[in-house]
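What follows is the residue order along each chain.
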Amino acid sequence: MAAEMTLVKPISKFSTSSPKFSNPRCAKFTSVKMSSTSPPTTKTSSAKPSKKAAKSVIKETLLAPRFYTTDFDEMEALFNTEINKNLNQSEFEALLQEFKTDYNQTHFVRNKEFKEAADKIQGPLRKIFVEFLERSCTAEFSGFLLYKELGRRLKKTNPVVAEIFSLMSRDEARHAGFLNKGLSDFNLALDLGFLTKARKYTFFKPKFIFYATYLSEKIGYWRYITIYRHLKENPECQCYPIFKYFENWCQDENRHGDFFSALLKAQPQFLNDWKAKLWSRFFCLSVYVTMYLNDCQRTDFYEGIGLNTKEFDMHVIIETNRTTARIFPAVLDVENPVFKRRLDRMVEINQKLIAAGESQDIPLVKNLKRLPLIAALASELLATYLMPPIESGSVDFAESEPQLVY
C-alpha cells in the first residue's frame, strides 16, 4: 500500500464513532410490473422487448459519468525518472506487487441468485436498479479506458507506473463486466464498444486527473463499504446479491486511491502552494456536490435498500474528506452544519431547475425561468467554496506503514 501522508495538524472535529442511519422500511417488491425502458404494459400486452431494442434505448437515455482524456505528453514528462527526481520508484514497485497479487481474481463469480433476485424486483424500483447498474457500469468502464491508455503511453517512460495503470484497467474492466452481467438479469446490456466510440471525452490536465480520480476512487470506497456494512446489519434489505460483493470490491477502489496518493506525492508542486489549496477545495466541492445532487434525485434507490439518502451521503462525504485530508493541502469543512444546509439548499434549487426544464413552456420562457435559479445555484456553490477550509495534508512521508482503511 502507498505510504500515507502525515497531517500538518490534527483535525479535532473528526470523530471516530460509527455512523447510525435511520432505517426507512425496505421497499416491498409487490408493485405492478414496469419495464425498465418503457411505460407499464397492460394485461393484454405480453410481448417482451428484445435485448437489441433495449440496448438502443439505453444508448439514447443513459445519464452516465463522463469519459476523460488528458495531455499524455505531459504525463510522460511527469513520470520520466530522468526529469522528475521526486519519483519514489521503490514505493511504486511495492504498489506494483500489491496489484499483481490480484486479491479479487476469483471474487466476481456469479450464481443463480442474481437472476432470481432480479425477477423479484418489480415496479418503479426495477427501473431504478437498472439505472444504478447502467451508471455504475459506465463509470467503471470510463476508468478502464483512461487507465488502459495511460498504461500504454507510459510503457517506455516508466514501465513500473505503466504496469500499475494497466492492472488498474484490469480491475475496472472486471467491475464493468460484472455490472453489465447484472444488467443481463434485467434482460438488458450496455454496448460498451458503442460507448467507446460515441461518447464525448472531457479533457483534464494531468494534475486535475490526479485530484479528481483520487477523490473518485476514495469516495467509491466509502460508498461501497457503507452500503455493504448497512446491508450486513439489515439483511432484510438485501434485495440483490451484487451488494454482497462490495466488501472485497471496495478494496480495489481503495488501492487505486492509494496509488493516486503516491502519484501526488511524487509531484509536490501539486500539493505545496496556494494554488494547490484552491484546486483541492474546488475538486472536493465538485465531487461532493455532484454526488449529493445526483443521489437526492434517486432517493427511491437508497430507500429501497433501507438507507436514508442524505444521511448516507453525508457519512460518505465526511469519511472521504477525512481520508482526503491526509494528502490534499486543504479540504472543505464538511462537518460544519452550514455545509449541510447549503447542500440542501442546492437540492431545492436543482429540483426547481429540473421542473423548469421539463415544463411545457416555450424555450424562451424556460430559459427565463432557469436564469435566476442558475444564479442562485452558482451563489450557493461560491458561498460553500469560500467557507473557511481546513488546512490539512503535508508532503512529508509518514514514518510508519499505513493500516488498510477497512
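Residues numbered from 1 in each chain as written. Predicted model: local features only at pLDDT ≥ 70, side-chain atom pairs only at ≥ 80, totals over all residues. Heavy atoms only, no water.

Asks: Any chance you could break down the overall build of the protein for me, citing the residues and the numbers?
Replies: Scanning the protein from N- to C-terminus turns up 14 helices and six strands. Put simply, the protein has 406 residues, and 51% of those count as buried. As displayed, the protein offers around 19,700 Å² of accessible surface, 54% of which is attributable to carbon and sulfur atoms. (Helix = DSSP H or I, 4+ residues; strand = E, 2+ residues; numbered from the N terminus. Buried < 20%, exposed > 50% of the residue type's maximum accessible area, 1.4 Å probe, protein only. Areas by Shrake-Rupley, 256 points an atom, 1.4 Å probe, with all protein chains shown as cover.)

Asks: Which residues make up unusual backbone geometry, and what are the values?
Replies: Phi at Asp102 is positive, roughly 55°, even though this residue is not glycine. Mapped onto the elements of the fold, Asp102 is located in the loop between helix 3 (89-101) and helix 4 (113-120). Residue class for Asp102 comes out buried when judged on its relative accessible area of 12%. With a phi angle near 60°, Asn187 is a residue other than glycine that sits in the positive phi range. In this fold, Asn187 is placed in the loop between helix 6 (159-184) and helix 7 (192-198). Overall, the relative accessible area of 38% leaves Asn187 in the partly exposed class.

Asks: How would you explain the confidence of the model for the protein if you had to name every residue and give the values?
Replies: Per-chain confidence: the protein averages 84 in pLDDT, with 81% of residues scoring 70 or above. Element-level mean pLDDT values for the protein span from 30 in strand 1 (residues 5-7) up to 97 in helix 12 (residues 309-324). Counting interchain partners and residues more than four positions distant, the pLDDT-below-50 stretch residues 395-406 has 29 contacts. (pLDDT = per-residue confidence, 0-100. Contact = heavy atoms within 4.5 Å.)

Asks: Run through the side chain of Thr213, naming residues and quoting values.
Replies: Residue position: Thr213 is located in helix 8 (residues 206-233). At 2.6 Å, the side chain of Thr213 and the backbone oxygen of Ile209 are in polar contact. Sequence-distant contacts of Thr213, that is, excluding residues within four places in its chain, are made with Tyr147 and Phe260. (Polar contact = N/O pair within 3.5 Å; in protein donor to acceptor, adjacent residues only side chain to side chain.)

Asks: I'd like a rundown of helix 13 (residues 337-358), residues and numbers included.
Replies: With 22 residues, helix 13 should cover 32 Å at 1.5 Å per step; its first-to-last C-alpha distance of 32 Å lies within 8% of that length. Phe339, Leu343, Asp344, Met346, Val347, Ile349, Asn350, Leu353 and Ala356 are the residues of helix 13 that are buried. Looking at the buried residues of helix 13, the elements they touch are helix 10 (274-296), helix 12 and helix 14 (363-385). (Expected span 1.5 Å × (residues − 1).)

Asks: Can you break down the packing of aromatic side chains residue by residue, with the values?
Replies: Overall, the coordinates contain 46 aromatic pairs when judged by the stated rule. Here the aromatic rings of Phe114 and Phe178 are separated by 5.7 Å at their centres, their planes lie at 85°, and the arrangement is edge-to-face. Here Phe114 is found in helix 4, whereas its partner Phe178 is found in helix 6, with 64 residues between them in sequence. Note on accessibility: Phe114 and Phe178 belong to one class, buried. Summarising the aromatic geometry, the rings of Phe129 and Phe243 are spaced 6.0 Å apart at their centres and angled 70° between planes, so their arrangement reads as edge-to-face. Residue Phe129 is located in helix 5 (residues 124-153), and its partner Phe243 is located in the loop between helix 8 and helix 9 (246-265); the two are separated by 114 residues in the primary sequence. Neither residue differs from the other here; Phe129 and Phe243 are each classed as buried. A cation over a ring is seen here: Arg199 above Phe67, with NZ or CZ 5.4 Å from the ring centre. The cationic tip of Arg281 hangs over the ring face of Tyr385; the distance from NZ or CZ to the ring centre is 4.7 Å. (Phe/Tyr/Trp six-rings, centres within 6.5 Å; stacked < 30°, edge-to-face > 60°. Lys NZ or Arg CZ within 6 Å of the ring centre and 35° of its normal.)

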